[in-house]
Amino acid sequence: MPNNFKDLKWYSQFFRKCSKCGTCKSAYSYGPPPTNATICPQGEYFKLDSYYGSRSKAFHGHAILENKVDLTDPSIQEDMQKVIFSCTVCGGCQTQCLLDYKPWICDYIEEMRHHLVNRGIGPTKAEKMYQEKVIKDHNPYGETHSSRFNWLKDVKDLKTDGNMVYFAGCTASYRRTEIAKSTASVLSKLGEDWGVMGENEYCCGSPLLRAGLREEPEKLAQHNVDYINDHGFKTIVTACAGCYKVLSKEYEKWWGLKLKAKVMHTSEYLEEKMKKGELKLNNISATVTYHDPCHMGRHMNHYEVDMEGKKQWKGSFIQIDKPGLYETPRNVLKAIPGIKFKEMYRNRDNSFCCGAGGGIKSSFPDVALETAKTRVREAEGVEGVQKIVTPCPFCVTNLGDGAKALGSKMEVVDLIQLVDQALKK
């Protein structure tokens, strides 16, 4: 199947426009919201300019295309792999960039990974291990198909058809089953005609895409799209930020695969119910803050680019014409009676990554943990906050690990768990 991926040479028309100004290192006052703080987890951990933000990645792209580095040298291979594969690809640097490089930064970094993989300089050993599991077992944990929905044993009248399919995702299915159970509970309490794909749900492909693979995630995508389209589901709902990004954006973007069903994150589904007056919530007394998953926020920003030069010049960045999901989950959270909501100082486009994305939790666990600890400390700094709420199983896992490592009393919960707790039966 033809794909829409571009190579390094194509991206060079944009990364060559990087002025090396360095604004990609920090969140600045032009926000939104006004902020002045570090934004790059990789740079925060390694403290070396060669790791920091999109500027360093542009330097490396120049070096590769102009043959300024000997990629046959084992020591350079090791360094190159570390620089490119220890990035969380959170998009924090992309938010700060104001040049024509901006819209392409995350895609370009993943293309860098793809280029290195093709040269035998990647994936990392840890990535290779979970990639083999995804390819063999269709989940990164090496679990069996038959156990994917073990968490549903207690759900009565479970169906594999209906108007809506709940795409649970691998992490909720195998490691954060409390999130999957809460999602199922909420859908049932709201009287939804929903089902699951059962053993036919395959990994969405995100772990492979983020590591620079192309053919293997395409097979997963084709399977999921065929199954969902063939079974006539009208809506796909998922509580996973990573699955949401891939299903709603990347299947069509990269391979032209079109889902006939509407893709919704659970927060969108809940907000829609709220607007219809169908979400009746009980009181939960708690002071909470909210963590923006990168895959729901920055990664879902849609960039207007003047590729033909009709408004400005060819390839110029015009604006973000459709922002990611920032307000929707906050609106749901604030609708729970008794919830006292407080923002961390880095939020929305300027949010600090949880540290788990881009394969980092497996390949560079120390980077992932230190980044999570930084985020938890930030929440602890907000007076009275008892819980970090986030709508992503992977963020819940890594921030929870950060809180545990700190010995913090901060609780990390998924938004759907709070809604399930608050929802009147």
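Above this text sits the structure in question.
Residues numbered from 1 in each chain as written. Predicted model: local features only at pLDDT ≥ 70, side-chain atom pairs only at ≥ 80, totals over all residues. Heavy atoms only, no water.

A. Focus on the sheet that holds strand S7 (residues 286-290). Taken in spatial order, the four strands make up an open sheet running S10-S7-S11-S12, and their pairing is parallel. Two strands close off the open sheet at either side, each with one partner strand: strand S10 (339-341) and strand S12 (411-414). Each strand axis lies, on average, 35 degrees off the axis of its neighbour in the sheet, ignoring direction. Relative to S10, S7 runs parallel, the two sharing three bridges. Across the sheet, the residue bridging to Thr 287 is Lys 340, located in S10. Here helix H17 (residues 393-406) sits on the sheet in contact with strand S11 (387-390) and S12, set at roughly 170 degrees to S12. (Pairing = 2+ DSSP bridges. Helix = DSSP H or I, 4+ residues; strand = E, 2+ residues; numbered from the N terminus. Axes fitted to C-alpha atoms, helices over the stretch in contact; angles between N-to-C directions. Contact = heavy atoms within 4.5 Å.)

B. View of the environment of Ala 403. Residue placement: Ala 403 occurs in helix H17. Classification of Ala 403 as buried rests on a relative accessible area of 4%. Each C-alpha atom, one on Ala 403 and one on Lys 373, is 6.4 Å from the other, the two residues being 30 residues apart in sequence. Setting aside chain neighbours within four positions, we find Ala 403 in contact with Val 376, Ser 408 and Met 410. (Buried < 20%, exposed > 50% of the residue type's maximum accessible area, 1.4 Å probe, protein only.)

C. Summary view of the sheet that holds strand S3 (residues 164-166). Pairing is parallel across the open sheet formed by four strands, whose spatial order is S4-S3-S5-S6. Where the open sheet ends on each side, the last strands, each with one partner, are strand S4 (194-195) and strand S6 (262-265). The pairing of S3 with strand S5 (residues 235-238) spans three bridges and is parallel. By the bridge assignment, Met 164 is partnered in S5 with Thr 235.

D. Broad picture of the pattern of salt bridges. For the structure on display, the rule yields 32 salt bridges. Asp 292 is paired through a salt bridge with Arg 330; the nearest N and O atoms lie 2.8 Å apart. Of this pair, Asp 292 sits in the loop between S7 and strand S8 (302-306) while Arg 330 is found in helix H14 (residues 327-334), placing the two residues 38 residues apart along the sequence. Pair check on accessibility: Asp 292 and Arg 330 agree, each one buried. Taking the shortest distance from any N to any O, the salt bridge between Glu 370 and Lys 373 comes out at 3.0 Å. Of the two residues, Glu 370 and Lys 373 both sit in helix H16 (residues 365-380), three residues apart, roughly one turn of that helix. Taken together, the shared-partner salt bridges connect Asp 292, Glu 327, Arg 330, Glu 343 and Arg 348 into one network. (Salt bridge = Lys/Arg side-chain N within 4 Å of Asp/Glu carboxyl O.)

E. Spotlight on the state of the cysteines. Inspection of every chain in the model, using the stated rule, returns zero disulfides. The closest cysteine sulfur to the non-disulfide-bonded Cys 240 is located on Cys 243, 3.6 Å from its own sulfur. Free cysteine: Cys 392, not disulfide-bonded; nearest cysteine sulfur from Cys 395 at 3.7 Å. (Disulfide = S-S within 2.5 Å.)

F. Molecular detail of the side chain of Asn 350. Within the fold, Asn 350 resides in the loop between S10 and helix H15 (360-363). For Asn 350, the side chain forms a polar contact with the side chain of Gln 96, separated by 2.9 Å. (Polar contact = N/O pair within 3.5 Å; in protein donor to acceptor, adjacent residues only side chain to side chain.)

G. Local environment of helix H12 (residues 241-255). Counted at 1.5 Å a residue, the expected span for H12 with its 15 residues is 21 Å, and the 20 Å between its end C-alpha atoms agrees. Taking the largest bend as the criterion, H12 deviates by roughly 45 degrees, centred on Lys 249. Counting buried positions over the 15 residues of H12 gives eleven, a clear majority of the element. Those residues of H12 that sit buried are Ala 241, Gly 242, Cys 243, Tyr 244, Lys 245, Val 246, Leu 247, Glu 250, Tyr 251, Trp 254 and Trp 255. (Expected span 1.5 Å × (residues − 1). Bend = angle between axes of the 7 residues up to and from the residue.)

H. View of the packing of aromatic side chains. Considering all chains together, one arrives at 17 aromatic pairs under this definition. On the basis of an interplanar angle of 40 degrees and a centroid distance of 5.4 Å, the ring pair of Phe 149 and Trp 151 is categorised as tilted. Note on accessibility: Phe 149 and Trp 151 belong to one class, buried. Among the aromatic residues, ring-to-ring pairing joins Trp 10, Tyr 11, Phe 14, Phe 15, Tyr 101, Trp 104 and Tyr 108 into one connected group. The side chain of Lys 6 reaches across the aromatic face of Trp 10, ending 5.5 Å from its centre. Across the ring face of Phe 352, the terminal group of Arg 346 is positioned such that the distance to the ring centre comes to 4.1 Å. (Phe/Tyr/Trp six-rings, centres within 6.5 Å; stacked < 30°, edge-to-face > 60°. Lys NZ or Arg CZ within 6 Å of the ring centre and 35° of its normal.)

I. Examining H16 more closely. For H16, built from 16 residues, the straight-helix expectation of 22 Å at 1.5 Å per residue is met to within 8% by its first-to-last C-alpha distance of 22 Å. Three or more residues of H16 are buried, namely Val 367, Ala 368, Thr 371, Ala 372, Lys 373, Arg 375, Val 376, Glu 378 and Ala 379. In this structure, the buried side of H16 is in contact with helix H2 (41-46), S7, H15, S11 and H17.

J. Molecular detail of the nonpolar core. Of all hydrophobic cores here, the largest spans 115 residues; its most connected members are Tyr 166, Ile 236, Tyr 251, Leu 270, Leu 333 and Ile 336. Considering every element that reaches this core, the biggest residue donor is H12, with eight residues. The residues touching Leu 270, leaving out its near neighbours within four places in the chain, are Val 186, Leu 190, Leu 279, Val 332, Ile 416 and Val 419. Core analysis: the second largest hydrophobic core is formed by ten residues, Tyr 174, Tyr 202, Cys 203 and Leu 220 among them. (Core = buried A, V, L, I, M, F, W, Y, C linked by side-chain atoms within 4.5 Å.)

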